[in-house]
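Structure assessment
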Amino acid sequence: MGRRAYLRHRLGPCLALVAVLLAVAAPARAADATLTTRLAKALAVPHVDPARTAALAIDLRTGAVVFERNASLSLVPASNQKLPVAYAALALLGPAYRFHTEVVGSGTLVGDVWHGDLWLRGFGDPTLEASDLDRLAAEVAAWGIRRVDGAVIADESWFDARRTAPGWRPSFYLYESPPLSALAVDRGWYRGRTSASPALAAGSLLRQSLEAAGVKVKGRTHRGVLTTTGLPLARDVSKPLADIVRFMGRESDNYTAELLVKQLGASYAGVGSTVAGTRVIRGALGEAGVPLAGVRLADGSGLSGLDRLTAAAVVALLEAGLSQGELRDAFLQSLAVAGVSGTLEGRMVKHPARGQVIAKTGTTRTASALSGFVRNRYVFAVLQNGRPISTYWARLAQDRFATALAASR
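Below or above, wherever it landed, is the structure these notes cover. Keep in mind it's a predicted model, so treat the numbers as computed, not measured.

1. Focus on the nonpolar core
- Counting residues in hydrophobic clusters, the biggest one holds 52 residues, and the most contacted among them are Leu241, Leu260, Ile281, Phe331 and Phe373.
- In terms of residue count, helix H11 (residues 311-323) provides more of this core than any other element does, nine residues in total.
- Beyond its immediate sequence surroundings of up to four residues, Phe331 is in contact with Leu83, Ala86, Tyr87, Leu90, Leu317, Leu318, Gly321 and Leu322.
- In this structure, Leu43, Ala55, Leu370 and Tyr378 belong to the second largest nonpolar core, which totals 30 residues.

And the structure:
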């Protein structure tokens, strides 16, 4: 789905709810002496190894640990890996950041003929869609250009050429994420399938848009790298990063997470690679005081079997996102709401958890996780590993754990 379609379709109804959940403090209550026991009981399910389960819950009002089990155990986090990505992207790029895509001309305009090439340059926008190319083409036509005697050249050099991330199984390519590229339109969807060359597909789509706008292109579309200074002819910008991160988190979107990692690498390390981006993220976590012992960041989506997080690190990260006013709302709104939105829409649909638990889910063949907040009272993380993990029983334990916190008085 394109930028406006998927953001509008998935996020519209729930934008204000998360802020309400944590905005107003409830009256102080006495400590629940049985809570720790109930949380331990919640995690006691068959087919989930307690030795490979980590859980931590903290009372946000007092800072007291209300439950802890293997909090420093290094575990595969599944899509809880997207939490560090969301935090680092919002903290470093800022909630108002916008991706851009541009058309640059190399050559000269004589009359209505552009003597030279048109370069479509991508800078990592995960939400670029065909209608954006139509607007770019209209801007080019507005210069009075009616013919191009060169070609449309697609430049995806802002990122490296690797289409997947470290530690992915071969089946994840296309099935879990389209090819990673700094230049992709509609996630590389072209002529009824996902193209293995998304930048070339994007260039071909721009050529079609140009011709529809009355601009004829003579040369054959191909890929290249612009190394000279050209004339900026058109520019497209995305919706704010806060919207993009919200979609990524609530829907657990792998592609967006991976492009954000590469964007952080390109912007802050000068290399648009997954390796560079994860190093930037690790630095951001360290600056926030997140304990990094046992933490390994290999990708952004959590598909990689090389990723490792601890419950202690996840809780500290969640607290960091909550405490920073300039990114707080965007970070909280990236979490799904129990019984209401995203990957939690069908979970914890009844009182007391419905609408009170906001969290990030995670599910792979070997890992299951749920981490977030309960009302304005608790922050928690539950990470479970197995070979394979029983998704049914792991989620049941997570939901019981969060529901016990929501029921706490």
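2. Focus: the pairing of strand E6 (residues 152-155)
- Side chains Val152 and Ala154 of E6 all project onto a buried face; the interleaved residues Ile153 and Asp155 project onto the opposite face, where all are buried too.
- The pairing of strand E4 (residues 113-122) with E6 spans four bridges and is classified as parallel. Looking at E6, one finds that Leu118 is bridged to Val152.
- Sheet topology note: the E6/strand E10 (residues 222-223) ladder contains two bridges and is parallel. From the neighbouring strand, Ile153 faces E10, where its bridge partner is His222.

3. Considering the packing of aromatic side chains
- Evaluated as defined, the whole model comprises seven aromatic pairs.
- Between Phe67 and Phe401 the ring centres are 5.6 Å apart and the planes differ by 75°, which places this aromatic pair in the edge-to-face class. Taken together, the positions of Phe67 in strand E2 (residues 65-69) and Phe401 in helix H13 (residues 391-407) put the pair 334 residues apart, joining distant regions of the chain. Neither residue differs from the other here; Phe67 and Phe401 are each classed as buried.
- In textbook terms, an aromatic cluster arises when at least three aromatic residues are bridged by ring pairs, as seen for Phe67, Phe380 and Phe401.

4. Details of the side chain of Ser252
- Along the chain, Ser252 turns up in the loop between helix H8 (241-251) and helix H9 (254-268).
- Here Lys360 takes part through its side chain, which lies 2.9 Å from a polar atom of the side chain of Ser252.
- In this structure Ser252 touches Ser79, Lys82, Phe247, Thr343 and Lys360, once residues within four positions along its chain are discounted.

5. Examining a nonpolar patch on the surface
- Taken together, Leu109, Trp143 and Leu231 make up a surface patch of nonpolar side chains, about 250 Å² in accessible area.
- Within the secondary structure layout, Leu231 lies in strand E11 (residues 231-237).

6. A look at unusual backbone geometry
- Of note, the amide linkage connecting His351 to Pro352 takes the cis form, showing an omega dihedral of 10°.
- Structurally, Pro352 is set in the loop between strand E12 (336-337) and strand E13 (357-363).
- Each neighbour pair has its own omega, and for Arg387 with Pro388 the value is -5°, a cis peptide bond.
- Inspection of the secondary structure puts Pro388 in the loop between strand E15 (378-385) and H13.
- Even without a glycine there, the phi angle at Arg375 is positive, about 50°.

7. Focus on the sheet that holds strand E1 (residues 53-59)
- One open sheet accounts for six strands, arranged E2-E1-E15-E14-E13-E12; its pairing is antiparallel. Two strands in the sheet have a free side with no partner beyond their single neighbour: E2 and E12.
- Pairing of E12 with E13 involves two bridges; the strand directions are antiparallel. Across the sheet, residue Val337 finds its bridge partner in E13, namely Ile358.
- Sitting on the sheet, H13 is in contact with E1, E2, E13, strand E14 (367-374) and E15, with an inclination near 15° to E14.

8. A closer look at the packing of helix H3 (residues 35-43) against H13
- At a minimum axis distance of 7 Å, the contact between H3 and H13 shows a crossing angle of 165°. If you check the angle between H3 and H13, you find them roughly antiparallel. As for the relative orientation of H3 and H13, their crossing is right-handed in sense. Facing H3, whose interface residues are Leu35, Arg38, Leu39, Lys41, Ala42 and Leu43, H13 presents Ala397, Arg400, Phe401, Ala404 and Leu405.
- Class assignment for the residues of the contact of H3 with H13 results in eight nonpolar, no polar and three charged.

About the criteria used
- Residues numbered from 1 in each chain as written.
- Predicted model: local features only at pLDDT ≥ 70, side-chain atom pairs only at ≥ 80, totals over all residues.
- Heavy atoms only, no water.
- Core = buried A, V, L, I, M, F, W, Y, C linked by side-chain atoms within 4.5 Å.
- Buried < 20%, exposed > 50% of the residue type's maximum accessible area, 1.4 Å probe, protein only.
- Helix = DSSP H or I, 4+ residues; strand = E, 2+ residues; numbered from the N terminus.
- Contact = heavy atoms within 4.5 Å.
- Pairing = 2+ DSSP bridges.
- Phe/Tyr/Trp six-rings, centres within 6.5 Å; stacked < 30°, edge-to-face > 60°.
- Polar contact = N/O pair within 3.5 Å; in protein donor to acceptor, adjacent residues only side chain to side chain.
- Patch = residues over 30% accessible without salt bridge, like charges linked within 9 Å, V, L, I, M, F, W, Y side chains within 5 Å.
- Areas by Shrake-Rupley, 256 points an atom, 1.4 Å probe, with all protein chains shown as cover.
- Salt bridge = Lys/Arg side-chain N within 4 Å of Asp/Glu carboxyl O.
- Axes fitted to C-alpha atoms, helices over the stretch in contact; angles between N-to-C directions.
- Parallel < 35°, antiparallel > 145°, perpendicular 65-115°, else oblique.
- Left-handed = near helix turned anticlockwise from the far one by under 90°.
- Nonpolar A, V, L, I, M, F, W, Y, C, P; charged D, E, K, R; others polar.

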